[in-house]
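Observations on chain architecture
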Amino acid sequence: MKLAICGFGFSGATLPLAKALAHSDSIIKKVDCYYLVYKSKKCSEIESVDYGNELLKIGIPHKLDMSNKIYNYLPDNVSIYLFPLCPNGPVGMHWLSKILNYLLIIYLSFYIILKKYKAVNIIAHTSLEFTLYNIVSKFIKTIISVHEVYVSLNNEKEIKPKLKSLSQKEVDIVFHSKSVRDEFMHSINYMRCKLHVIPFSNFDSYSSFLGNTDVVNITNYILFIGSIQPYKGLGLLKEALDHHSMDSVNVVIAGKGNVPELDYFKNRKNTCVLNRYVSNEELVSLIKNCAFIVCPYLMASQTGIAPTAFVFNKPIVATNVGAFHEVIKDGYNGFLVNPNDPVLLRDRILKLYIDVPFREKLMENILKSHVNVWDNIAIDYLKILLK
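Please read all numbers here as calculations on a predicted model, not as lab measurements. (Residues numbered from 1 in each chain as written. Predicted model: local features only at pLDDT ≥ 70, side-chain atom pairs only at ≥ 80, totals over all residues. Heavy atoms only, no water.)

Before going further, it helps to examine the overall build of the chain. The secondary structure content of the chain amounts to 13 helices and 16 strands. In terms of principal-axis extent, the alpha carbons of the chain reach across some 65 × 45 × 40 Å. Partitioning the intrachain contacts of the chain with sequence separation of at least 6 by distance along the chain shows that 66% fall at a separation of at least 24. Surface summary for the chain: the accessible area is close to 17200 Å², and the carbon and sulfur share equals 54%. (Helix = DSSP H or I, 4+ residues; strand = E, 2+ residues; numbered from the N terminus. Contact = heavy atoms within 4.5 Å. Areas by Shrake-Rupley, 256 points an atom, 1.4 Å probe, with all protein chains shown as cover.)

Another point: the sheet that holds strand β16 (residues 334–337). Read across the sheet, six strands follow the order β13-β12-β11-β14-β15-β16 without closing on themselves; strand pairing throughout is parallel. One side of each edge strand has no neighbouring strand; the edge strands of this open sheet are β13 (271–274) and β16. The sheet shows a mean angle of 20° between the axes of neighbouring strands, direction not considered. Note that strand β11 (residues 221–225) and strand β14 (residues 292–295) share two bridges and pair parallel. Opposite Ile222, over in β14, you have Phe292 as the bridge partner. Across the sheet, helix α8 (residues 280–289) touches β11, β12 (250–254), β13 and β14, and the angle it forms with β11 is around 145°. (Pairing = 2+ DSSP bridges. Axes fitted to C-alpha atoms, helices over the stretch in contact; angles between N-to-C directions.)

Let us look at the environment of Phe200. Residue placement: Phe200 occurs in the loop between β10 (195–197) and β11. A relative accessible area of 16% means that Phe200 is categorised as buried. Between the C-alpha atom of Phe200 and that of Phe175, which follows or precedes it by 25 residues, the distance is 9.5 Å. When residues no more than four places from it in sequence are discounted, the contact partners of Phe200 are Ala13, His147, His176, Gln302, Thr303, Pro307 and Ile377. (Buried < 20%, exposed > 50% of the residue type's maximum accessible area, 1.4 Å probe, protein only.)

In this section: the packing of aromatic side chains. On inspection of all chains with the given rule, the structure shows 13 aromatic pairs. Note on Phe8 and Tyr38: the rings are 5.2 Å apart at their centroids and 50° apart in plane angle, and the pair reads as tilted. Within this pair, whereas Phe8 is found in the loop between β1 (2–7) and α1 (11–24), its partner Tyr38 is found in strand β2 (residues 30–38), the two being separated by 30 residues in sequence. Overall, the relative accessible area of 38% leaves Tyr38 in the partly exposed class. When the centroid spacing of 6.1 Å and the interplanar angle of 75° are considered together, the rings of Tyr231 and Tyr297 count as edge-to-face. (Phe/Tyr/Trp six-rings, centres within 6.5 Å; stacked < 30°, edge-to-face > 60°.)

In the structure shown here, the tally under the stated rule is one cavity of 30 Å³ or more. What the largest cavity holds in volume is close to 60 Å³. Forming the boundary of the largest cavity are Ala13, Thr14, Leu17, Asn121, Ile123, His147, His176, Pro199, Phe200, Trp374, Ile377 and Tyr381. Considered class by class, the residues forming the lining of the largest cavity number eight nonpolar, four polar and no charged. (1 Å grid on protein atoms, 1.4 Å probe; cavity = no way out; pocket = protein on both sides within 12 Å on 5 of 7 lines; lining within 4 Å. Points joined across faces, edges and corners; volume = space filled by probe spheres on them. Nonpolar A, V, L, I, M, F, W, Y, C, P; charged D, E, K, R; others polar.)

Now the structure itself:
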C-alpha cells in the first residue's frame, strides 16, 4: 500500500509525518512526498531540505537524489519529489505563469493518479493545491491538511471560501490546532463538517543540519526569526526592549520583510539584523546558538516556530495568541504573555535571559518531552486516510 503527501512547502512538518507513516504499519509499503517549488536560481531549498544543483525541469516531477543528506533522516521507503512550477514572469505577464501553472497542476494530478496510491494527503495553502485536490479526489481517497488559514498569514479571500465549500461537502480536513479549528468552524457556521485536529510534534527533520555556520558575531542572544510582517509584533518587542534594564540584552532579528520598527533594531546596540532570506543551515545555526526565541505576535495561526525550536531544546517567550498556548506551557518550556503587555514581555525576557539555571531547567523540560509523538500522529492520520 502506497501513500502520498503533496504540498507547496511545509516539508519541515510533513517529512516527520512521512517517516512515521512509513514506520507505522506493515501495510504501508511506501510514502512519496511531492513538493511544489518555483524554479529559481536564487533558491535551491525548501524547509529542512537542500536540493542544491540538482537539475530541475519545469513540469517534470524530479525525484530527489538518494545521496541527499535528508535521506539519512528518512527510512528507505520514503521518497521526495520536487515539482517545479513557472516563476512569475515580467510585470503584466503574471497571468501567463498562472495559466501555465494551472495546466502543470492538472498534469501532476494525473501523474499522481496513475501511481495508484491508496490515499493522498494534500497540504492546502494556495489555489493550486485545491485544484490538485479537486482532480485527485475523484479517483483516490484524498484529505486536506491546513497549516495556515487567516489573513496576514495567507490569502484569506482565496483560501477560506474554498475550505468552507469543502467543509460543507463534508470533506475530511485536518487542522493542527483545536483553537484554530474551532474558530474556523464558528466562522462558517456549519457544524456537520469533518474537521479533525491532529497537532504537530517537533519538526525533527531539521536535525539533519549541523548548524555550524557562523551567521552572527554576537553570542548569548535572544532570537526573533521568520518572515517580518506587521502581525509578527516587532513593535511590541521594541516597546519591551526600549528600557534601560534591557540595554545589555543581545538581540538577533532574522528574516525577510519590512516593517517600520526595523529601523529601531538596526540602530540598537547589541543587535544584529539579518533582513533577508535565511537558509536552512543558517536557521539551525541561529536557533542552536541563541539563548531562547521570542515570538511577540499580535495574531497567529498554527505556529511552526515552536516545533522547530523544541528540536534544539530552546525555550520560547511568546504572546498568548493562536495555537501558542497549546504547545507552550507557561513556566515549563517557555513563557506566555498577553499581546498588549510589553511590560510583562520585558519581565519574562529579562527573567529567562538573566536566570541561566532557570533557563537550563526549561531546556531540560523540553528535552524530557521529546517522545515519539509522531507515531501517534501517524496513527491518527491513518484512521482518516484509510477509513
